[in-house]
Every structure is written in structure tokens, then in C-alpha cells.
Amino acid sequence: MKVIELHASVTAENDREADALRAEMRRQGTLLVNLMSSPGAGKTTLLSRIIRELPDTRIAVLEADIESTVDAERIEALGAEAVQVHTDGMCHMDAGMTWESVKALESGAYDLAFLENVGNLICPAEYDTGAGLSMMILSVPEGDDKPLKYPLMFQKSDALVVTKLDALPWFDFDLEKCKERAKKLNPGLSVFPVSAKTGEGMKALTDWLLERMNEWKTGPQGTV
Ligand SMILES: Nc1nc2c(ncn2[C@@H]2O[C@H](COP(=O)(O)OP(=O)(O)OP(=O)(O)O)[C@@H](O)[C@H]2O)c(=O)[nH]1
Ligand SMILES: [Mg+2]
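So, a few notes on the structure that sits alongside this text. (Residues numbered from 1 in each chain as written. Chains lettered and ligands numbered in written order. Predicted model: local features only at pLDDT ≥ 70, side-chain atom pairs only at ≥ 80, totals over all residues.)

**Some words on the sheet that holds strand β7 (residues 159-163)**
How we decide: Strand pairing is assigned whenever DSSP detects at least two bridges linking the two strands. Segments assigned H or I by DSSP are reported as helices when at least four residues long, segments assigned E as strands when at least two residues long, and all are numbered from the N terminus. Under this scheme, a helix contributes an axis fitted over its contacting stretch, all axes are lines through C-alpha atoms, and angles between N-to-C directions fall in the 0 to 180 degree range.
The strand order β1-β4-β3-β5-β2-β6-β7-β8 describes an open sheet built from 8 strands, whose pairing is parallel. Looking at strand neighbours, the two that pair on one side only are β1 (2-5) and β8 (190-193), the edges of this open sheet. The mean angle between the axes of side-by-side strands here comes to 20°, regardless of whether they run parallel or antiparallel. In this structure, strand β3 (residues 59-65) lies alongside strand β4 (residues 81-86), joined through 6 bridges in parallel fashion. Its bridge partner being in β4, A64 is matched across the sheet by V85.

Right, dumping it as C-alpha cells:
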């Protein structure tokens, strides 16, 4: 397994670098998805489920963590390519770091590449990674008030996956209230309630991802 150690790049240049990476990913025909959530919300479990449900889609995963290789090992066990990225203690990925991670992939022949960002509801939302799509996870045990407390990530995401739906009976989580709060911050947000454990709701999410992927491939070359 490839493990790479990365350090933050110059922040002022981040937006320009992010645009350049997006153009490069479009040239490669790969939709890069930035997946963000708090620690333990279920990013790796969701990615594992997506990989299993889309066997005909070429998927790679960039696993960003402060330490360890456990998440990349889980992805590789499914037969997908994973690169483990160590962020030198940083709580987010920036565009330069993401580009270095993309370069560490064995080939440029992927339909979808997921960046599993560092588990954190705050910092990752502040940096454009160069991804073509941003997706966040909120899990049922975290509570339906999170859009009120951490609005930026909800504003910056294209999709909100509400996961661990199988745990609803044990938590006072109001799905409608959560959706309403998130949509108030970001009316264009697509919301997918799922359980990565039981598979409930996964079809709607994977169909949506495939649509976005096809749009990305057929979109204008080299532009954002
Ligand atoms: N019941 C239930 N548990 C889940 C679900 N998805 C994930 N989990 C559990 O939640 C815990 C954390 O899941 P991970 O997928 O490792 O979460 P993560 O966001 O990747 O965690 P970090 O990478 O450490 O930030 C594990 O014990 C999973 O089994 C789900 O849909 N339902
Ligand atoms: Mg993980």
C-alpha cells in the first residue's frame, strides 16, 4: 500500500490550485468527490458500501488521516485502489495536498475518486480541495441540530448523506427537521437518508452519483 506524508501548501494559492486540479480531473474523466464528516460518522463504511454496489465503476479512494493505515486497508480489502495520506497533524486537506494524493494513484483511469477528508466538521469545509463534488455525512447519533451549529459544511456541500438510519429507534433524531435546517442553509442541497449497514436508501445515492459522474465526463473539457 502506498502511504504518503504531506504538508500544507500556501493558502493564498489554494483556490487557483483547486481550479487547476478540477480542470486536470476533468481532462482525466474522473469525478473527484470530497467526502467530509465528523470522526466516526461513517465515511469509510459508506465508501465501502458504494464500492460494493457499483462493481462496474472504476473507483479509487484517497484516505486522509493524521495517523494509521486502517481506512486504506478496509478499502483495499474490497479490491479498490486506496492511497493513505498522512496530513502532518492537519485537520483538513487542501488542493495542493489533494493533487499530490491524486498523483500517487497508480493510473489516471478512474470514473470516480473519493477523497475521504480528515474527520472534522469545521476545517475541511474551509478549503477548496479541487474536487468536482462535495458530499458530507451526518449520522443519526450526532443529532439533528448540527446544521445550526456547523453551518459552513452544509452550505459548501452538494449532497448531505444522513447515515446510520438503522439507529433511528434509539435516538431523538428528527429527519424532517434536519432536512429543513440543512435546506434553509443550502436550498440546492440533495439529501440522502441511508443506512450503510442495511443498505437502505443506497440506491438513490448511487444513482445520483452515477448521474453526476456522467455529467462530469460529458461536460466541457478543461473547464470548471
Ligand atoms: N449502525 C450503523 N453503524 C454504522 C453505519 N455506518 C457506519 N457505522 C459504524 O460507525 C463506526 C464508524 O464508522 P467509520 O466508517 O469508520 O467512520 P469514519 O467516518 O470513516 O471514521 P473516521 O475515518 O475515523 O473519521 C463503525 O463502528 C461503523 O461500523 C450505519 O449505517 N449504521
Ligand atoms: Mg474513515
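We are not done yet, so read on.
**Describing the site of ligand 1**
Convention followed: We count a residue as near a molecule or strand when its backbone-placed C-beta atom lies within 6 Å of that partner. Throughout this entry, Asp, Glu, Lys and Arg are counted as charged residues, while Ala, Val, Leu, Ile, Met, Phe, Trp, Tyr, Cys and Pro are counted as nonpolar. The remaining residues, Gly among them, count as polar.
Residues in close proximity to ligand 1 total 17 residues, the closest being G42, T44, T45, G119 and K197. For the shell around ligand 1, the leading source of residues is helix α2 (residues 43-53), giving 3 residues. The residue makeup of the shell around ligand 1, split by class, is 4 nonpolar, 8 polar and 5 charged.

**A short note on unusual backbone geometry**
Applied cut-off: Put simply, a residue is buried when 20 or more other C-beta atoms lie within 10 Å of its own C-beta and exposed when 12 or fewer do; between those, it is partly exposed, and each C-beta is set from the backbone.
Backbone geometry places S68, a non-glycine residue, at a positive phi of 75°. Within the secondary structure, S68 sits in the loop between β3 and α3 (70-76). A count of 12 C-beta atoms within 10 Å places S68 in the exposed class. The phi angle at D88 is positive, at roughly 60°, despite the residue not being glycine. With respect to the element layout, D88 can be found in the loop between β4 and α4 (95-103).

**Here we look at the pairing of β4**
Note the threshold: If the strands point away from the viewer and the path from the first strand over the helix to the second runs clockwise, then the crossover is right-handed.
With 5 of 6 residues buried, β4 is to be regarded as a mostly interior element. Looking at chain direction, β1 and β4 are connected through 4 bridges and run parallel. Counted as the bridge partner of K2 is V83 from β4. Considered for its hand, the β-α-β crossover made up of β3, α3 and β4 is right-handed.

**Notes on helix α1 (residues 14-28)**
An α-helix turns once per 3.6 residues; consequently, residues spaced three or four apart project the same way. Defined as follows: Given a helix with a known number of residues, its expected span is that number minus one, times 1.5 Å. Our contact criterion uses C-beta atoms placed from the backbone: two residues qualify when those atoms are within 7 Å.
The first and last C-alpha atoms of α1 sit 21 Å apart over 15 residues, in line with the 21 Å expected at 1.5 Å per residue. Of the residues making up α1, those classed as buried are N14, E17, A18, L21, R22, M25 and R26. Buried positions along α1 lie against β2 (31-36), α4 and α8 (202-218). Just past α1, the residue G29 takes up positive phi, approximately 75°.

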